[in-house]
Amino acid sequence: MTQSGYASERETTEGRVFTVTGGDWDTVTGSVDPLSNEKIVVNMGPQHPSTHGVLRLVLELEGETVQEVRPVVGYLHTGIEKNLEYRNWTQGTTFVTRADYLAPLFNEAGYCLAVEKLLGITDDITERANTIRVLFMELNRISSHLVWLATTGMELGAISMMLYGFREREYILDIFEETTGLRMNHAYFRPGGVAQDIPESAIKKIKDFLVYLPKKLKEYEDMLSGQVIWQERTQGVGILDVTGCLAMGVTGPVLRSAGLAWDLRKTMPYCGYENYEFDVPTATTADVWGRYQVRLAEIRESLKLVEQALDRLRPGPIFVSDKKIAWPAQLAVGLDGMGNSLEHVAKIMGQSMESLIHHFKLVTEGFRVPPGQVYVSIEHPRGEFGVHAVSDGGTHPYRVHMRDPSFVNLQAIPAMAEGALLADVIAGGASLDPVMGGCDR
């Protein structure tokens, strides 16, 4: 067994195996002389609630000043990308939706758009399916930003914001549950369309929500924006300018808070976003305060998009017409979640042997995707979310890799925090809005 800089390694019959441990913690701490050196090395996380989940930050401190920050990720590794290689293309949605668990519909959308591009059916997606996708993505963007506002408020001392943010998010999760059967991890977007149509009861709830939320946003701003402590903890803290963002590939609200109006819904539209009227909010402060303002403004823009999507929701099919791709049943939400509609079960079990065979083949084996590779990116609540999908012509993906914005954005923590105070690590890290499920996948 030999020792590399990062992990021990050994040769096996399967090849070289690396054993990843806590890294060079012993080396870091061993270099500090406790008698003559005032520097201390501290672990923040992976259990610390202010690290937004299972993120570990190794901090080197001199008093309250941060000399060095080293993010350590991988504690929530779930093997989602590898698991996709053992499931058919449709089943893949049940895996990708569990990556960034606060924005599951964006995971599904990026994956489905990539599969549809490989199939060559991007232009065949029905108008109603695209409208429902936009509608649900924007609702999901609002719910994700509400969680950011809630958790960041808690971390900076505004405990009541935690309660309010999650209270409003419940309205959106109720809408998701009524349509998909699940509050999270929906697998609702499928290659070719959406799993089932949106019910009238959910549309009514959405309309009620459009009236309800703007009043609450005003209350949040009244509570936070003029609060001296909130201003002190956010203004001039965690600064990362446009140059730093571009150098590290940081996107989303963090980049827009530095003044660059880069939004893939505008610059590289998908799902019909080019037909919607909305603005791309920006700020110029490039700090935590600017990211707070940008996200609040984005919630308001998403409300405008939701309203437009409801107006555009015309009757029609929700799946492509090709029966070799379209899921063979019209699914329905029952008491035990979403499953085959009773009408479809009655047909394939009692009326049509051909329908039963088609159902069996498509569900168990899945459709074949032509060989090739594509990269598709969408505007996720945290930035650019990309999917690189490779097909070898089979019924399973050969390889799927996701460019998750949480993973890319996290490398900005040292640039924002080094030289600042320990408390600013919390504010700066929170302003990136990392979700470790998406980071570690």
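Relevant structure appears above.
Residues numbered from 1 in each chain as written. Predicted model: local features only at pLDDT ≥ 70, side-chain atom pairs only at ≥ 80, totals over all residues. Heavy atoms only, no water.

K.L.:
In this structure, what is going on with the nonpolar core? I would like to understand it.
P.N.:
If you look at the biggest cluster of nonpolar residues, it comprises 112 residues, and the most contacted ones within it are F136, F189 and I198. Broken down by element, this core gets its largest block of residues, 11 residues, from helix α5 (residues 127-155). Residues within four places of F189 in sequence aside, it is in contact with T93, L105, E108, A109, C112, R133, F136, M137 and V194. (Core = buried A, V, L, I, M, F, W, Y, C linked by side-chain atoms within 4.5 Å. Buried < 20%, exposed > 50% of the residue type's maximum accessible area, 1.4 Å probe, protein only. Helix = DSSP H or I, 4+ residues; strand = E, 2+ residues; numbered from the N terminus. Contact = heavy atoms within 4.5 Å.)

K.L.:
When you look at the packing of aromatic side chains in this model, what are you seeing that I'm missing?
P.N.:
The geometry of an aromatic ring pair is captured by two quantities: the separation of the ring centres and the angle between the planes. Within the structure shown, the criterion is met by 10 aromatic pairs. Measuring from centroid to centroid gives 5.5 Å for F136 and F176, while their planes differ by 25°, and the two rings are stacked. Of this pair, F136 sits in helix α5 while F176 sits in helix α6 (residues 159-180), and the two are 40 residues apart along the sequence. Taking the relative accessible area as the measure of exposure, F136 reaches 0% and is therefore buried. Relative to Y273, the ring of Y270 has its centre 5.1 Å away and its plane inclined at 70°; by these criteria the two rings are edge-to-face. We note that Y270, like Y273, is buried. Here the basic side chain of K266 rests over the ring of F278, its NZ or CZ set 4.4 Å away from the ring centre. If you follow R295 out to its NZ or CZ, it ends over the ring of W148, 4.5 Å from the centre. (Phe/Tyr/Trp six-rings, centres within 6.5 Å; stacked < 30°, edge-to-face > 60°. Lys NZ or Arg CZ within 6 Å of the ring centre and 35° of its normal.)

K.L.:
What exactly am I supposed to notice about the pairing of strand β5 (residues 56-62) here?
P.N.:
On any regular strand, side chains alternate: one points to one face of the sheet, the next to the other face. A large share of β5 lies buried, amounting to six of its seven residues. In this sheet, β5 lies alongside strand β4 (residues 39-44) in antiparallel orientation, the contact comprising six bridges. Directly across from V42, in β5, lies its bridge partner L59. Pairing of β5 with strand β6 (residues 65-72) involves seven bridges; the strand directions are antiparallel. Considered in β6, the bridge of L57 is made with P71. Taking the residues between adjacent antiparallel strands as the criterion, β5 and β6 are bridged by two residues, where G63 takes a positive phi near 70°. (Pairing = 2+ DSSP bridges.)

K.L.:
Teacher, can you tell me more about the sheet that holds β4 here?
P.N.:
Two pairing modes exist for strands in a sheet, parallel and antiparallel, and in both the strands are linked by backbone hydrogen bonds. The strand order β4-β5-β6 describes an open sheet built from three strands, whose pairing is antiparallel. Two strands lie at the open edges of the sheet, namely β4 and β6, each paired on one side alone. Averaged over all adjacent pairs, the angle separating strand axes in this sheet is 20°, with direction ignored. Each of β4, β5 and β6 is contacted by helix α17 (residues 422-431), which is oriented at about 150° to β5, the strand it contacts most. (Axes fitted to C-alpha atoms, helices over the stretch in contact; angles between N-to-C directions.)

Remember that the coordinates give geometry; whether it matters functionally is a separate question.
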